[in-house]
Amino acid sequence: MNALKFLYAAYIATWTIHVFYLGTLVQRYRRLRREMNELAKTK
Amino acid sequence: MKRAFPILSILTAVFLAYALHLALSKDTPTDAQQGDVYRIIYYHVPSAWTAFLLFFINFIASIQYLASAKETTERAARWIVIAIGIIGVIVTYLPQVKQQLIAAGMQPSAMATTVLCIPAFYFFVGWLFPGDRLDVLAVTTAEVGVVFCTIVLVTGPIWARPVWGIWWAPADIRLTSTLVLWLIYVSYLVLRRFSSSAQTQMLAAALAVFGALDVPLVYFSIWFFRTQHPQPVIGGGGSIDPRMLHVLLMSWMAFLCFAFLVSWSRFQLELLHRRVEAAHANRWRNE
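If you're wondering where the values come from, they're calculated on a predicted model, not measured in any experiment.

## Describing the overall build of chain B
Item 1. Check the secondary structure of chain B and you find 10 helices and 0 strands.
Item 2. In sequence order, chain B lays out its α and β elements as α-α-α-α-α-α-α-α-α-α.
Item 3. Whereas a compact globule of 287 residues would reach a radius of gyration of roughly 19 Å, chain B reaches 21 Å, a difference of no more than 12%.
Item 4. Referenced to the eigenvectors of the C-alpha coordinate spread, the extents of chain B come out at roughly 70 × 45 × 40 Å.

## Re the overall build of chain A
Item 1. The helix and strand tally for chain A stands at 1 helix and 0 strands.
Item 2. With the C-alpha coordinates of chain A rotated into their principal frame, the extents come out at 65 × 5 × 5 Å.
Item 3. The proportion of buried residues among the 43 residues of chain A is 12%.

## Observations regarding the confidence of the model for chain B
Residues and elements named next belong to chain B.
Item 1. Put simply, chain B has an average pLDDT of 87, and 94% of its residues get 70 or more.
Item 2. No element of chain B has a lower mean pLDDT than helix α9 (residues 214–224), at 76, and none a higher one than helix α6 (residues 133–164), at 94.
Item 3. Two numbers describe this predicted complex: its pTM, 0.89, and its ipTM, 0.93.

## Details of helix α1 (residues 5–24) of chain B
Residue and element names in this part refer to chain B.
Item 1. With 20 residues, α1 ought to run about 28 Å at 1.5 Å a step, and its terminal C-alpha atoms sit 28 Å apart, in line with that.
Item 2. When α1 is considered as a whole, its buried residues turn out to be Ala19, Leu22 and Ala23. Along the axis of α1, the buried residues cluster in a sector spanning 95°; they form a single face. Residues Pro6, Ile7, Ile10, Val14, Ala17 and His21 are exposed on α1 and point more than 90 degrees away from its buried face.
Item 3. Residues of α1 that are buried make contact with α2 (41–67) and α10 (242–286).

## With respect to the interface of chain A and chain B
Item 1. Between chain A and chain B, the residue contacts involve 18 residues of the former and 24 residues of the latter.
Item 2. Its residues placed into classes, the side of chain A that touches chain B shows 15 nonpolar, 1 polar and 2 charged.

## Observations concerning the environment of Leu181 of chain B
All names here are of chain B.
Item 1. Note that Leu181 resides in helix α7 (residues 173–194).
Item 2. Overall, the presence of 25 C-beta atoms within 10 Å leaves Leu181 in the buried class.
Item 3. Residues in contact with Leu181, not counting those within four places in the same chain, are Cys149, Asp214, Val215 and Val218.

## Overview of the environment of Pro162 of chain B
Item 1. Along the chain, Pro162 of chain B falls in helix α6.
Item 2. Of the residues examined, Pro162 of chain B has 18 C-beta atoms within 10 Å and is grouped as partly exposed.
Item 3. Linking Pro162 of chain B and Val37 of chain B, residues 125 residues apart in sequence, is a C-alpha distance of 7.9 Å.
Item 4. Ignoring anything within four residues of it in the chain, the contact list for Pro162 of chain B reads Ala3 and Phe6 of chain A together with Val37 of chain B.

## A short note on the packing of α2 of chain B against helix α8 (residues 200–211) of chain B
How two helices pack is summed up by the angle between their axes together with the distance between the axes.
Residues and elements named next belong to chain B.
Item 1. In the contact formed by α2 and α8, the axes pass within 8 Å of each other and the chain directions differ by 135°. By the angle class used here, α2 and α8 are oblique. Crossing hand, α2 versus α8: left-handed. Contacts between α2 and α8 involve Asn58, Phe59, Ser62, Ile63, Tyr65 and Leu66 from the first element and Met202, Ala205, Ala206, Ala208 and Val209 from the second.
Item 2. The residue inventory of the contact of α2 with α8, partitioned by class, reads 9 nonpolar, 2 polar and no charged.

Conventions and cut-offs
- Residues numbered from 1 in each chain as written.
- Chains lettered and ligands numbered in written order.
- Predicted model: local features only at pLDDT ≥ 70, side-chain atom pairs only at ≥ 80, totals over all residues.
- Helix = DSSP H or I, 4+ residues; strand = E, 2+ residues; numbered from the N terminus.
- Rg over C-alpha atoms; globule rule 2.2 N^0.38 Å.
- Buried ≥ 20, exposed ≤ 12 C-beta atoms within 10 Å, placed from the backbone.
- pLDDT = per-residue confidence, 0-100.
- Expected span 1.5 Å × (residues − 1).
- Arc of directions from axis to C-beta.
- Contact = placed C-beta atoms within 7 Å.
- Nonpolar A, V, L, I, M, F, W, Y, C, P; charged D, E, K, R; others polar.
- Axes fitted to C-alpha atoms, helices over the stretch in contact; angles between N-to-C directions.
- Parallel < 35°, antiparallel > 145°, perpendicular 65-115°, else oblique.
- Left-handed = near helix turned anticlockwise from the far one by under 90°.

Spelled out as structure tokens, the structure:
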């Protein structure tokens, strides 16, 4: 049971890193899209 | 690709869920020495292989980007790559090399095919990503590669603690060279992020070319140095149950599909970023 907690920790850590990275991609995309829309409005 | 993206995402999620099910399933045998904690292998090793592949793609894209600065260097690079392929195939069939390959459990024909893939891949990447898109590909693969390498460096110590009794072995060449690899590519990303010089892309490409030389060092370190890290389960001194190997390869395929989708998203993000920068520059010019 003690060793299993390391197994679950590894799997949870993996997906936490992936989800965090995907979250940063979404955030950056939204910011760029907002900037693009503002630039299009000021044209 | 944009239209196929949602369907591919769902298929990849299903594939990842299936790989996870196989990894944790009672039908997949348990390691006799490590018990169930060994199942970390199904995330640790595929993440490492994926990171190496992404850094290799980054290496090819960076070389092509550097070579494309002048027509003469571009032509020279093409001939050098073709020569590497031809010489590599010839060397594979030399008696001494052939003997060593067979002793290591590898077929010379398989090695020759792998060597020929290098120039083929070089030209394929150049054709698929012309001009500045090579640089976009380079930054994309570096960033996604760093994410997967981070997972290797996190899951490795989590696995090491119950098996070796320590989180990290400071003198271990495999662990240290992997950490160095991660640091090199993080510095590549820091350079890309914070440098505003016109030469940033060229400098980053040069850094990437030398950084990629650490990848074979990481992979072959356990052959040439005494290390705590286990031997490779494929093509090395280690061995693995066929059922475990099946799950490992399924897990890798699932992570490759995931890496492809994430890389494609990052690629599109970088293209959008460049369009926004170009729009800003255009606005200042008109003002």
